[in-house]
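# Secondary and tertiary structure notes
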Amino acid sequence: MKTIMEIKNISKTYKNGNVEVKALQHIDMALKQRELVAVLGRSGSGKSTLLSIMGGLLDPSEGDVVLNGKSIFFYSENVRTALRRKEIGFVFQAYHLIPVLTVEENIALPQIGEDKQYVNELLKVLELNDRRKHFPNELSGGQQQRVAIARALINHPKIVLADEPTGNLDSRSEKNVMDVFRILVEKYGTTILLITHNENLTKMCDRVFYLEDGRLI
Ligand SMILES: Nc1ncnc2c1ncn2[C@@H]1O[C@H](COP(=O)(O)OP(=O)(O)OP(=O)(O)O)[C@@H](O)[C@H]1O
Ligand SMILES: [Mg+2]
């Protein structure tokens, strides 16, 4: 399968006054099309830092991220934002849904152009069809996370970056989200990077990277 994203010798050092935290050190990684990859590591091991850099939300201290053959740090902030919106989908532990918008409005919010059919398809795949007119506060945690996942997919991103997406869910909803990820990989050929500290989830992934104190082991 084609390589979709390459992480090349990424290091990140946070500097606060005269305190330095080496959050990431010399990370190399390649993600292929159509795979579900987990990054496993303890709290503080650098997982969220890595995801933020992969998504172009945070500048590395050293190294590069190549998406579809192009360095994402090469672009200006404006171009990077547009790229992010189109090519990369983000899912976080907190769902960040807009409370005054319905399920279908939340999903369609970041959509570039209009494609009602795709909104309907996502509602169906994520089993939210009968909740489309509901508001976020009328949904369970698992349902809210599925809305957030649908929203992340609305512009057909090549890659979805998910930071502890099941962190607030019970084991049944967690399994449901993992099943949905698998369907997305198979049905749309999406690449999903899942960050977790839950070893159980990695069993449902194609590959696992282990992060320890900012290094891959
Ligand atoms: N803005 C920041 N300034 C200084 N240090 C930071 C900053 N953000 C993160 N760190 C430090 O970098 C290290 C990696 O943090 P990161 O958030 O990437 O860990 P994580 O693996 O996502 O942890 P968790 O599982 O708790 O979410 C930690 O030691 C953290 O304290
Ligand atoms: Mg984190």
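## Some thoughts on the environment of V185
Turning to its location among the elements, V185 is positioned in helix α6 (residues 171–188). The class of V185 is buried, set by a relative accessible area of 0%. A C-alpha to C-alpha distance of 8.6 Å links V185 and Q33, two positions 152 residues apart in sequence. Ignoring any residue separated from it by four or fewer positions in sequence, one finds V185 in contact with R34, E35, L36, T190 and I192.

## Focus on the site of ligand 1
Taken together, 13 residues form the shell around ligand 1, and within it S43, G44, K47, S48 and T49 come nearest. S45 has a polar backbone atom sitting 3.2 Å from an oxygen atom of ligand 1. Residue K47 places a side-chain N or O atom 2.7 Å away from an oxygen atom belonging to ligand 1. Within the complex, 61% of the 640 Å² of free accessible area of ligand 1 lies under protein. Only β1 (3–16), β2 (19–32) and α1 (47–54) provide two or more residues apiece to the shell around ligand 1. Per element, the largest residue contribution to the shell around ligand 1 is three residues, and it comes from α1.

## Topic: helix α4 (residues 116–125)
Buried residues of α4: Y118, V119, L122, L123 and V125, and no others. Tucked into the core, α4 has its buried residues touching α3 (103–108), α5 (141–153) and α6. In the segment just after α4, E127 is the residue with positive phi, at about 55 degrees.

## Some thoughts on the pairing of strand β8 (residues 191–196)
The buried count for β8 comes to six of six residues, which makes it a mostly enclosed element. The pairing of strand β3 (residues 36–41) with β8 spans five bridges and is classified as parallel. Along β8, the bridge assignment pairs A38 with L194. With five bridges joining them, strand β7 (residues 159–163) and β8 adopt parallel strand pairing. Each bridged residue has a counterpart across the sheet, and for A162 the counterpart in β8 is L194. One crossover worth recording links β7 to the parallel β8 by way of α6, and it is right-handed.

## Focus on the sheet that holds β8
Consider a sheet: its strands pair through backbone hydrogen bonds, and that pairing is either parallel or antiparallel. The six strands are arranged β6-β7-β8-β3-β9-β10 in an open sheet whose pairing can be described as mixed. Of all strands in the sheet, those with a lone pairing partner are β6 (88–91) and β10 (215–216), marking the two edges. Across four bridges, the pairing between β6 and β7 is parallel. The partner of F90 across the bridge, within β7, is L161. The sheet strands contacting α5 are β6 and β7, and the helix crosses β6 at an angle near 165 degrees. Relative to the sheet, α6 contacts β3, β7 and β8, its axis offset from that of β8 by approximately 155 degrees.

## Quick look at the sheet that holds β2
A sheet is described by the order of its strands in space; here four strands give the open sequence β2-β1-β4-β5, paired in antiparallel fashion. Looking along the sheet, the strands with just one partner apiece sit at the ends: β2 and β5 (70–71). As paired elements, β1 and β2 share 10 bridges and run antiparallel to each other. Each bridged residue has a counterpart across the sheet, and for I10 the counterpart in β2 is I27.

## Regarding the nonpolar core
L36, I107, L122, I149, F181, L184 and L194 are the most contacted members of the largest nonpolar core, which has 35 residues in total. Those residues within four positions of I149 in sequence are excluded, and the remaining contacts are V91, L126, V177, V180, F181 and L184. Core analysis: the second largest hydrophobic core is formed by 27 residues, M5, L24, L50 and L51 among them.

## Details of the side chain of E164
Relative to the elements of secondary structure, E164 occurs in the loop between β7 and α6. Buried within the structure, E164 lacks any salt-bridge partner; K47 is the closest side chain of opposite charge, at an N-O distance of 4.7 Å. Apart from residues no more than four positions distant in its own chain, E164 is found in contact with K47, Q93, I195, T196 and H197.

About the cut-offs
- Residues take numbers from 1 onward in each chain, read along the sequence in its written order.
- Just so you know, chain letters begin at A and ligand numbers begin at 1, following the order they were written in.
- Only residues with pLDDT of at least 70 get local features here, since the model is predicted, and only at 80 or more are side-chain atom pairs given and counted; chain-wide, interface and lining totals rely on the full set of residues.
- Computation of side-chain values covers all heavy atoms of the structure but excludes hydrogens and water.
- Helix and strand assignments come from DSSP, with helices taken as H or I runs of at least 4 residues and strands as E runs of at least 2, each series counted from the N terminus.
- We call a residue buried when its accessible area falls under 20% of the maximum for its residue type, exposed when it is over 50%, and partly exposed in between, using a 1.4 Å probe and counting protein chains only.
- We call two residues contacting when some pair of their heavy atoms lies within 4.5 Å.
- For this purpose, a residue is taken to be near a molecule or strand whenever a single non-hydrogen atom of the residue falls within 4 Å of it.
- Whenever a nitrogen or oxygen atom comes within 3.5 Å of another N or O atom, the pair is scored as a polar contact, on the condition that within protein one atom can donate a hydrogen and the other can accept it, and that pairs from neighbouring residues in sequence are kept only if both atoms are in side chains.
- With residues, only the protein chains shown are counted as cover, and all accessible areas are computed by Shrake-Rupley using a 1.4 Å probe.
- Strand pairing is defined by DSSP finding a minimum of two bridges between the two strands.
- By the criterion used throughout, a crossover qualifies as right-handed when its path from the first strand across the helix to the second strand runs clockwise, the strands pointing away from the viewer.
- The angle between two axes is taken between their N-to-C directions and runs from 0 to 180 degrees, where each axis is a line fitted to C-alpha atoms and a helix contributes only its stretch in contact.
- Think of a nonpolar core as a cluster: buried Ala, Val, Leu, Ile, Met, Phe, Trp, Tyr and Cys residues, connected wherever their side-chain atoms sit within 4.5 Å.
- Only four residue types enter the tally: Lys and Arg on the positive side, Asp and Glu on the negative side; His and the chain ends are excluded.
- Salt bridges are counted wherever a side-chain nitrogen of Lys or Arg sits within 4 Å of a carboxyl oxygen of Asp or Glu.

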